[in-house]
Amino acid sequence: RASALNALPKAVERMGPSGNSVTPNMPGMRMFLGMKDLRLDIERARPLQRLVVSILRSAKKRDVEKTMSLPVFETRGGKFAVPVSPGASIVAPNEEWDELLHEEFKDFLLNLDADGDGGHLIRELGIQRSNLSEFLARFCAPRAGLFNQKLSVHFLESVAALGSTIWRKNVQKDYVAIATSCEEAPVVVFNDGRDARRCRCSELVDPEDVQVTIAMHPPREYCSPVVLSVLRRAGLKSLTDEEVFLSAARHVEASGEAAKGEELLKQLADRFQSLKWSSRSFAALSRVRIFPAIAPVAPVRSDAYPPRCASVERVAVSLDAPCTLFQHASVAWTQLALLHPDTFDKWPKPLLQRFSAIKDPPSLDVIVANLIEAARRWGEIRDGELAEVASKEHRQHRQEIVVCHLAALNAVRRTNALQSMVQHSLCRVKFLVLNDGSLTSPCEAFAALHGGNSDDEDEEPDHVASTSATSSTWSLPRCLRRYRRLLLGIAGPALQGVQQMPIIHVETPPQNPVPDFIQNSLNCPDLADVVFILGHETPVEQIYAHRLVLAASCDHFRATFSNYAEAAEAKCKLELPSWVSARPMLWMLAYLYQGYDVARAQQIAFKLNKQDSSSTASRRASLSWKRRGRQEIDSEIGEDLCCLLRLSEYYQLDHLKQWAESELGKLLTPENLIPLSTHAYFCNAGQLLRVSIYHLRREYGELVGVNDWEELEPAIKELVLAGVNSESNSASQISETC
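Nothing here was measured: the structure is a model prediction, and the numbers come from that model.

1. Observations concerning the confidence of the model for the protein
In step 1: Mean pLDDT over the protein: 79, with 81% of residues reaching 70 or higher.
In step 2: The low-confidence segment residues 453-472 (pLDDT under 50) makes 31 contacts with residues lying over four places distant or belonging to another chain.
In step 3: Considering only residues more than four positions removed or in separate chains, one finds that residues 611-633, a stretch of pLDDT under 50, has 32 contacts.

Have a look at this one:
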């Protein structure tokens with residue numbers, strides 16, 4: 001038995017393939033890719049069946065498994081025998097699959113209900129039907145895009161039977177293969193046959209979105225709830241997707257069927273609140289001609305009146321051109337396309353606002369242009385038709401139209417520009433319909449009403465109107481009286497008066513009179529309430545200032561004038577220390593008066609200095625000040641700066657102090673290095689002191705042994721020799737010494 005079982009596969013291989021045609025005779029050869037042609041003709045396989053049956057009567061289990069690879073199992077076609085191995089035969093999971101696969105795979109489909117030795121082998125070996133998920137993953141998934149319509153529908157129904165597990169993440173490989181084939185393969189088949197068109201689920205639209213069938217819906221065979229549940233999982237599009245809706249709208253536009261477009265727009269209105277579309281999508285949709293509008297009415301003369309009701313005939317328009325709702329037809333029918341009320345009256349206000357071409361309500365210029373065009377058409381009616389127009393029905397219809405326009409104009413909030421536009425557009429247009437059917441303009445009505453003796457519109461008698469301006473009984477028709485003020489505004493006195501409103505001119509006031517007066521009041525006795533006394537000068541010199549200016553610009557003066565008894569006097573006198581000279585003091589005060597402008601303050605200080613030599617000294621100092629580099633120090637300027645530095649320290653003016661330090665630093669020379677460093681030290685001028693120490697270190701070799709160095713403040717020597725460079729250490733030592 002063992003030798004026979006080992007020899008049988010080689011014997012079958014020597015027998016070779018069957019002489020009959022085993023290649024499927026059909027166009028879809030790709031359907032059989034991966035199938036192994038290990039079949040034998042049933043007549044050649046029967047002796048082999050009998051031999052295997054005789055061997056199996058007393059065979060062991062491992063010997064039984066060897067027989068599964070032998071082509072001894074009958075197919076449903078009855079012509080061949082195949083082995084039970086993957087790729088060589090098909091074992092369907094149920095009889096329904098047997099019936100569906102029989103037509104194309106009958107020569108590979110295992111017949112589990114066979115009679116004779118073949119059936120005995122199947123029962124003896126215990127061959128059972130395959131597992132559904134395994135069958136779908138290994139046989140159906142690779143061929144899902146090649147099945148005919150019936151097989152494809154049944155494949156999707158079988159996938160639905162597996163439940164929602166296959167669509168989850170991290171599942172077994174068979175489920176992944178099934179889900180992938182549903183998503184990526186063209187499983188939806190149109191026009192079953194040789195020229196069948198196939199689509200993926202992501203290329204189609206859910207048929208339950210609209211009731212009207214469009215080209216993008218799957219065929220009716222795929223619209224059962226079971227199949228649709230799989231298609232939706234596999235990517236079936238919905239009309240809530242903006243790209244899908246646009247594509248469906250373009251399909252409808254190409255088909256030219258208005259009913260389909262209206263059904264799409266109904267879906268848009270019903271689902272608008274849940275849509276998250278971009279403005280670009282609404283703009284693209286507005287360019288598609290699927291929106292129903294009122295068809296023009298014949299004959300053309302009927303266009304002189306707006307349509308009273310929506311006509312049955314409709315035309316498809318796009319919303320990229322100005323249009324309006326049917327409810328505004330009476331004020332815009334000659335200017336804008338009228339959208340059909342059956343569709344657009346059901347749209348919510350926010351949806352209408354997404355289409356900028358829909359004028360709801362129409363703008364003022366549209367209302368005015370429509371009224372002008374309607375009046376023009378009324379005026380073109382031929383003489384033979386006047387009797388018909390003069391009839392009561394036509395007259396009332398025209399008056400109703402005029403009233404609608406005036407009511408719309410009255411409701412619009414008009415600016416001066418809009419009012420002027422309305423006046424010039426309508427003042428001489430004959431659109432007012434009188435009781436005799438004649439037309440008149442607002443200017444003619446104003447001329448007739450101007451001589452009336454009543455201002456109450458409601459109490460005026462209902463006379464039969466006349467166009468004669470001299471008639472004392474002339475009055476507006478009753479329907480227009482409530483708009484009398486509007487008509488007077490259109491054609492009243494403003495139209496004949498000055499066209500441009502007069503302008504009230506306001507001259508430019510003097511610039512900065514108060515600041516200029518205050519800045520120029522320094523050292524003027526008039527209105528001064530602070531006097532600085534320089535007691536060491538001969539004769540005694542006084543400098544006049546104002547406590548409000550000083551307190552506003554200096555914290556020291558604010559505290560002085562607020563806390564000391566001397567400040568309570570009408571004129572506060574402050575004696576200055578003996579080291580203060582007049583020009584630096586004026587310089588500091590001018591600095592406060594001029595908003596901390598040091599250069600401007602210097603000019604004013606030199607100007608106000610009343611010393612005899614001030615003119616010559618100031619000119620010389622100003623020139624040297626502008627040309628200064630590392631030249632010889634001007635004694636008077638240096639003294640002024642030293643005094644100014646001490647004053648800024650005395651009155652706590654940090655910015656002025658830093659500026660004085662900077663200017664004195666430019667004046668440093670080997671000759672004045674020791675005096676300026678000493679002055680900086682005692683004035684707490686830390687920055688100037690650090691610069692001086694830097695130069696003292698560099699000139700140390702020249703200064704050692706000189707009398708000035710020997711007499712220099714010890715603390716400064718210590719700073720020079722100790723190498724202290726940081727600002728914090730220098731400042732702390734200066735503060736301790738002071």
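2. Considering a negative patch on the surface
In step 1: A cluster of acidic residues, E95, E96, E99, D113, D115 and E157, forms a negative patch on the protein surface.
In step 2: At 3 residues, the largest contribution of residues to the negative patch is made by helix α4 (residues 95-105).

3. With respect to the packing of helix α31 (residues 673-682) against helix α32 (residues 686-698)
Helix-helix packing is described using two parameters, namely the angle between the two axes and the distance between the axes.
In step 1: Their axes nearest at 9 Å, the elements α31 and α32 cross at an angle of 150°. Here α32 runs roughly antiparallel to α31, going by the angle between their axes. Remark: the crossing between α31 and α32 carries left-handed chirality. From α31, L673, I674, S677, A680 and Y681 reach across to α32, where they touch L688, L689, S692, H695 and L696.

4. Overview of helix α16 (residues 364-379)
In step 1: Taking 1.5 Å of rise per residue, 16 residues should cover 22 Å, and α16 covers 23 Å from first to last C-alpha, within 8% of that figure.
In step 2: Of all the positions in α16, only L364, V366, I367, V368, N370, L371, E373, A374, A375 and W378 are classed as buried.
In step 3: In this fold, the buried residues of α16 make contact with α13 (329-332), α18 (392-411), α19 (416-426), β10 (432-433) and β11 (439-440).

5. Here's the deal with the packing of helix α10 (residues 242-255) against helix α11 (residues 258-270)
In step 1: In contact at an axis separation of 9 Å, α10 and α11 are set at 160° when each is read in the N-to-C sense. In terms of axis orientation, α10 runs roughly antiparallel to α11. Pair α10 / α11 crosses with left-handed handedness. Between α10 and α11, the contacting residues are F245, A248, A249, V252 and S255 on the first element and K260, G261, L264 and L268 on the second.
In step 2: Per-class residue counts for the contact of α10 with α11 are 6 nonpolar, 2 polar and 1 charged.

6. Topic: the sheet that holds strand β12 (residues 530-534)
To summarise the sheet geometry, strands pair through backbone hydrogen bonds and adopt either a parallel or an antiparallel arrangement.
In step 1: Ordered in space as β13-β12-β14, the 3 strands form an open sheet in which the pairing is mixed. Edge positions in the sheet fall to β13 (541-545) and β14 (572-575), since each has one partner strand and no second. Pairs of neighbouring strands in the sheet enclose a mean axial angle of 25°, with direction left out of account.
In step 2: Across 5 bridges, the pairing between β12 and β13 is antiparallel. Within β13, the position partnered with V531 by the bridge is Y544.
In step 3: Running over the sheet, helix α26 (residues 582-593) touches β12 and β13 and is turned about 0° from β13.

7. Some remarks on the nonpolar core
In step 1: One finds F532, L550, F557, M585, M588 and Y651 to be the most contacted residues of the largest nonpolar core, which totals 64 residues.
In step 2: Broken down by element, this core gets its largest block of residues, 10 residues, from α26.
In step 3: Look past the residues within four positions of Y651 in its chain and what remains in contact with it is F532, C554, H556, F557, L576, M585 and M588.

8. Quick notes on the sheet that holds strand β1 (residues 40-41)
In step 1: Spatial strand order, β1-β3-β2: 3 strands in an open sheet with antiparallel pairing. Edge positions in the sheet fall to β1 and β2 (73-74), since each has one partner strand and no second.
In step 2: Note: β1 against strand β3 (residues 80-82), 2 bridges, orientation antiparallel. Residue pairing in the sheet places L40 in a bridge with A81 of β3.

9. Examining a nonpolar patch on the surface
In step 1: Nonpolar side chains collect at one region of the surface, where F517, I518 and L527 lie side by side and expose about 330 Å² of accessible area between them.
In step 2: As for its position among the elements, L527 is in the loop between α23 (513-519) and β12.
In step 3: Residue classification places L527 among the exposed residues on the basis of a relative accessible area of 68%.

10. Examining the environment of K260
In step 1: Examined against the element boundaries, K260 turns out to sit in helix α11.
In step 2: Through-space distance from the C-alpha of K260 to that of A249 is 8.9 Å; in sequence the pair is 11 residues apart.

11. Some words on α4
In step 1: Within α4 the residues assigned to the buried category are W97, D98, L101, E104 and F105. One face of α4 carries all of its buried residues, which in axial projection span an arc of 125°. Those residues of α4 that are exposed and aimed more than 90 degrees away from the buried face are E95, E99 and E103.
In step 2: On its buried face, α4 is in contact with α6 (132-140) and α7 (149-161).
In step 3: Backbone nitrogen of E96 and a side-chain oxygen of the N-cap are separated by 3.3 Å at the start of α4; the cap is N94.

12. Regarding the packing of aromatic side chains
In step 1: Evaluated as defined, the whole model comprises 23 aromatic pairs.
In step 2: Taken together, the aromatic side chains of F245, F272, W277, F282, F291, F344, W347 and F355 make up a single cluster linked through ring pairs.
In step 3: When the ring centre of F80 is taken as origin, the NZ or CZ atom of R39, which lies over that ring, is 4.6 Å away.
In step 4: We note R197 situated over the ring of F190; from NZ or CZ to the ring centre the distance is 4.3 Å.

13. Points about unusual backbone geometry
In step 1: Residue P361 follows D360 across a cis peptide bond; omega there is 0°.
In step 2: Within the element layout of this structure, P361 appears in the loop between α15 (349-353) and α16.
In step 3: Of note in this structure, L527 is not a glycine but carries a positive phi near 65°.
In step 4: With phi around 60°, Q652 is a residue other than glycine that occupies positive phi space.
In step 5: Here Q652 shows up in the loop between α29 (635-650) and α30 (654-666).
In step 6: By relative accessible area, which is 58% here, Q652 ends up exposed.

14. Quick word on the pattern of salt bridges
In step 1: In this structure the tally under the stated criterion is 18 salt bridges.
In step 2: Between E373 and R377 there is a salt bridge; the shortest N-O distance is 2.9 Å. Pair noted here: E373 and R377 are both in helix α16, with a separation of 4 residues, about one helical turn.
In step 3: Note that R583 and D640 form a salt bridge whose closest N and O atoms lie 2.7 Å from each other. With R583 in helix α26 and D640 in helix α29, this pair connects stretches of sequence that are 57 residues apart. In this structure, R583 and D640 share a single accessibility class: buried.
In step 4: It is possible to trace a salt-bridge network through shared partners that takes in E373, R376, R377 and E380.

What counts as what
- Residues numbered from 1 in each chain as written.
- Predicted model: local features only at pLDDT ≥ 70, side-chain atom pairs only at ≥ 80, totals over all residues.
- Heavy atoms only, no water.
- pLDDT = per-residue confidence, 0-100.
- Contact = heavy atoms within 4.5 Å.
- Patch = residues over 30% accessible without salt bridge, like charges linked within 9 Å, V, L, I, M, F, W, Y side chains within 5 Å.
- Areas by Shrake-Rupley, 256 points an atom, 1.4 Å probe, with all protein chains shown as cover.
- Salt bridge = Lys/Arg side-chain N within 4 Å of Asp/Glu carboxyl O.
- Lys, Arg positive; Asp, Glu negative; His and termini not counted.
- Charge placed at Lys NZ, Arg CZ, Asp CG, Glu CD.
- Helix = DSSP H or I, 4+ residues; strand = E, 2+ residues; numbered from the N terminus.
- Axes fitted to C-alpha atoms, helices over the stretch in contact; angles between N-to-C directions.
- Parallel < 35°, antiparallel > 145°, perpendicular 65-115°, else oblique.
- Left-handed = near helix turned anticlockwise from the far one by under 90°.
- Expected span 1.5 Å × (residues − 1).
- Buried < 20%, exposed > 50% of the residue type's maximum accessible area, 1.4 Å probe, protein only.
- Nonpolar A, V, L, I, M, F, W, Y, C, P; charged D, E, K, R; others polar.
- Pairing = 2+ DSSP bridges.
- Core = buried A, V, L, I, M, F, W, Y, C linked by side-chain atoms within 4.5 Å.
- Arc of directions from axis to C-beta.
- Polar contact = N/O pair within 3.5 Å; in protein donor to acceptor, adjacent residues only side chain to side chain.
- Phe/Tyr/Trp six-rings, centres within 6.5 Å; stacked < 30°, edge-to-face > 60°.
- Lys NZ or Arg CZ within 6 Å of the ring centre and 35° of its normal.

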